Amino acid sequence: MPVRHRLLAVLVAAIWGVNFLAIHASLAQFPPFFLVALRFALIAVPTILLVPRPRVPLRWLVGYGLGFGVVQFTFLYAGMAAGMPTGLASLVLQASAPFTLVLGGVLLRERVTARQWVGIVTAVAGMALVGVARAQAAALLPFLLVLAGGLGWAFGNLASRLARPENPLHLTLWMSVVVPVPMLALSLWLEGPAQVGAALAGSVTASAIPAWIGLAYTCVIGTAVGSGLWTWLLARHPAGVVAPFSMLVPVVGIATAALVLHEVPGVWELAGGAVVVIGVLIGARRPRAGRPAPGVQDDLTPAGVPVGGVGSAGVVART
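Residues numbered from 1 in each chain as written. Predicted model: local features only at pLDDT ≥ 70, side-chain atom pairs only at ≥ 80, totals over all residues. Heavy atoms only, no water.

K.L.:
Could you clarify how one ought to interpret the overall build of the protein chain in this entry?
P.N.:
From N to C terminus, the protein chain includes 14 helices and zero strands. Put simply, the protein chain runs from its N terminus to its C terminus through helices and strands in the order α-α-α-α-α-α-α-α-α-α-α-α-α-α. Counting over 319 residues, the protein chain shows a buried share of 56%. Approximately 13000 Å² of the protein chain is accessible, and the part contributed by carbon and sulfur atoms is 73%. (Helix = DSSP H or I, 4+ residues; strand = E, 2+ residues; numbered from the N terminus. Buried < 20%, exposed > 50% of the residue type's maximum accessible area, 1.4 Å probe, protein only. Areas by Shrake-Rupley, 256 points an atom, 1.4 Å probe, with all protein chains shown as cover.)

In C-alpha cells:
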C-alpha cells in the first residue's frame, strides 16, 4: 500500500475508535434500543431516496440487517448502557472476527487453516482474560452483552459474504433500511412509550446537544466517511492487507476513552486486550505464498462488512 493509503486506513481506524465516544454521548440522552432505531432511520431515509438498491438476494440483505444491525447493536448499546466501559466495548466487539471464522467453517464449510485456529484460540484466551477481569469488577453482564453483539456481527458477516454485492457500500447502506422498524418495536415493548417520549422531549434542550453531536458523528463520519474510505481501500488492495488496520480501532477506542472519559482499564484487561489483538493479527497474516487457501478468507474478518461495529463498512465489522 502506498503511504497515503496507509494513512487513510489509520484515519478510518481512528474514526471508528472515536465512534464509541459518540455512542456514549448519545446514550446519555436516548434509551439504547430507541437510539439504534433512530440512528439507522437517519441513514435509511436518504439511502432509500438516493442510493440504488444492491442487486443481491433479499434474504441475505435482510439477514445482514438483522445480524449486523439489529442483534449487534441491540447488545452493544445495551451493554454500554448497562455499564460496559466505552474503551473496552471497542475491544470486546472485535470478538466478531474469530466468531466469523468459526461460523464460516461450521455453517459455510469454509476450511480453516492451522494458523487461523492458532489465532482464534489466542484471541479467545485474551477475551476470556478480559471477561475474568470484568467479573472481578462485578461487571460481567455488560461484558457478556457486548460479546453477544460481536456474535450478531459475525452472523451479519456471513450474510454479507453470501450476498456477494458488487458494491459493498451500497449493501451496507441498504442494510440500515432493515433495522429501524424491528428496533422501534423492541424499544416500545421493552423501554416503553413513556421513556421514549421523555427522551425525545428532553432532546430539544441544550443539555442534549452532545447526544445529537454524537449521533451525527455516528451517522455521517462513522458510516458515510469511514465506510466510504474503507470500501475505497478494499477496492484497491487485498482484504488481508487492509484488514489488520482494523485492530487499531480498540487501541483508539481505549485511548480516547481514557483521555476524555478518564476510563483506565485494569492491568489484566489491557493484557487480555493485547492478547486479543495478537490473536487476530496471527489469523490475519497472509500465507507465505501470498494467496489464501481455497475456500478460506485471507483474514479473520471478511471484506466488505462494517467494522467496529459501529456503523461502518469495511473488513470485519461497527463500531
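K.L.:
Teacher, can you tell me more about the confidence of the model for the protein chain here?
P.N.:
When pLDDT is low, close inspection of the predicted coordinates is not appropriate. Of the residues in the protein chain, 85% have a pLDDT of 70 or more, and the chain-wide mean is 82. The element-level mean pLDDT for the protein chain is lowest in helix α12 (residues 239–242), coming to 66, with helix α9 (residues 180–190) highest at 95. Here residues 290–318 is a poorly scored stretch, pLDDT under 50, and it has 156 contacts once near neighbours within four places are set aside; other chains count. (pLDDT = per-residue confidence, 0-100. Contact = heavy atoms within 4.5 Å.)

K.L.:
Where do I start with the packing of helix α2 (residues 32–50) against helix α11 (residues 209–234) in this structure?
P.N.:
Relative orientation and spacing of two packed helices are given, respectively, by the angle between their axes and the distance between those axes. At their nearest, the axes of α2 and α11 sit 10 Å apart, and the two run at 50° to each other. It follows that α2 is oblique to α11 by the angle criterion. The element α2 and its partner α11 pack so that their crossing is right-handed. Listed contacts from α11 to Leu 35, Leu 38, Arg 39, Leu 42 and Ile 43 of α2 are Trp 212, Leu 215, Thr 218, Cys 219 and Thr 223. Residues belonging to the contact of α2 with α11 are distributed by class as follows: seven nonpolar, two polar and one charged. (Axes fitted to C-alpha atoms, helices over the stretch in contact; angles between N-to-C directions. Parallel < 35°, antiparallel > 145°, perpendicular 65-115°, else oblique. Left-handed = near helix turned anticlockwise from the far one by under 90°. Nonpolar A, V, L, I, M, F, W, Y, C, P; charged D, E, K, R; others polar.)

K.L.:
I tried to follow the environment of Val 177 on my own but got confused; where do I start?
P.N.:
Relative to the helices and strands, Val 177 resides in helix α8 (residues 168–178). Taking relative accessible area as the criterion, Val 177 reaches 27% and is therefore assigned partly exposed. Measuring from C-alpha to C-alpha, the distance between Val 177 and Leu 42 comes to 9.7 Å, with 135 residues separating the pair along the chain. Non-local contacts of Val 177, meaning those with residues more than four positions away in its chain, are made with Ala 44, Thr 47 and Ile 48.

K.L.:
Would you explain the packing of α2 against α8 in this entry?
P.N.:
Between α2 and α8, the least distance of the axes is 8 Å, while the angle of their chain directions is 115°. Crossing geometry of α2 relative to α8 is assigned as left-handed. Contact with α2, carried on its side by Phe 40, Ile 43, Ala 44, Thr 47 and Ile 48, involves Leu 173, Trp 174, Met 175, Ser 176 and Val 177 of α8 and no other residues of that element. The residue makeup of the contact of α2 with α8, split by class, is eight nonpolar, two polar and no charged.

K.L.:
Looking at this structure, how should I read the side chain of Asn 157?
P.N.:
Positionally, Asn 157 belongs in helix α7 (residues 140–163). For Asn 157, a relative accessible area of 0% translates into the label buried. Within the structure, Asn 157 has its side chain in polar contact with the side chain of Thr 100 (distance 2.7 Å). (Polar contact = N/O pair within 3.5 Å; in protein donor to acceptor, adjacent residues only side chain to side chain.)

K.L.:
What's the story with the nonpolar core in this structure? I'm lost.
P.N.:
Most often, soluble globular proteins have nonpolar side chains that are buried together. Within the largest apolar cluster, 64 residues are counted, with the highest numbers of intra-cluster contacts made by Leu 76, Tyr 77 and Trp 230. Among residues more than four places away in sequence, those in contact with Tyr 77 are Ile 23, Leu 27, Pro 32, Leu 35, Val 36 and Arg 39. (Core = buried A, V, L, I, M, F, W, Y, C linked by side-chain atoms within 4.5 Å.)

K.L.:
What exactly am I supposed to notice about the packing of aromatic side chains here?
P.N.:
Centre-to-centre distance and the angle between the planes together describe a pair of aromatic rings. Scanning all chains against the criterion turns up eight aromatic pairs. For the pair Phe 73 and Tyr 77, a centre-to-centre distance of 5.8 Å together with 90° between the ring planes defines the contact as edge-to-face. You can see Phe 73 and its partner Tyr 77 sitting in helix α3 (residues 58–81), four residues apart, about one turn around the helix. Assessed through its relative accessible area of 0%, Phe 73 is described here as buried. Of the aromatic side chains, those joined through ring pairs into one cluster are Phe 40, Tyr 64, Phe 68, Phe 73, Tyr 77 and Trp 153. Lying over the aromatic face of Phe 73, Arg 39 brings its terminal NZ or CZ to 4.4 Å of the ring centre. (Phe/Tyr/Trp six-rings, centres within 6.5 Å; stacked < 30°, edge-to-face > 60°. Lys NZ or Arg CZ within 6 Å of the ring centre and 35° of its normal.)

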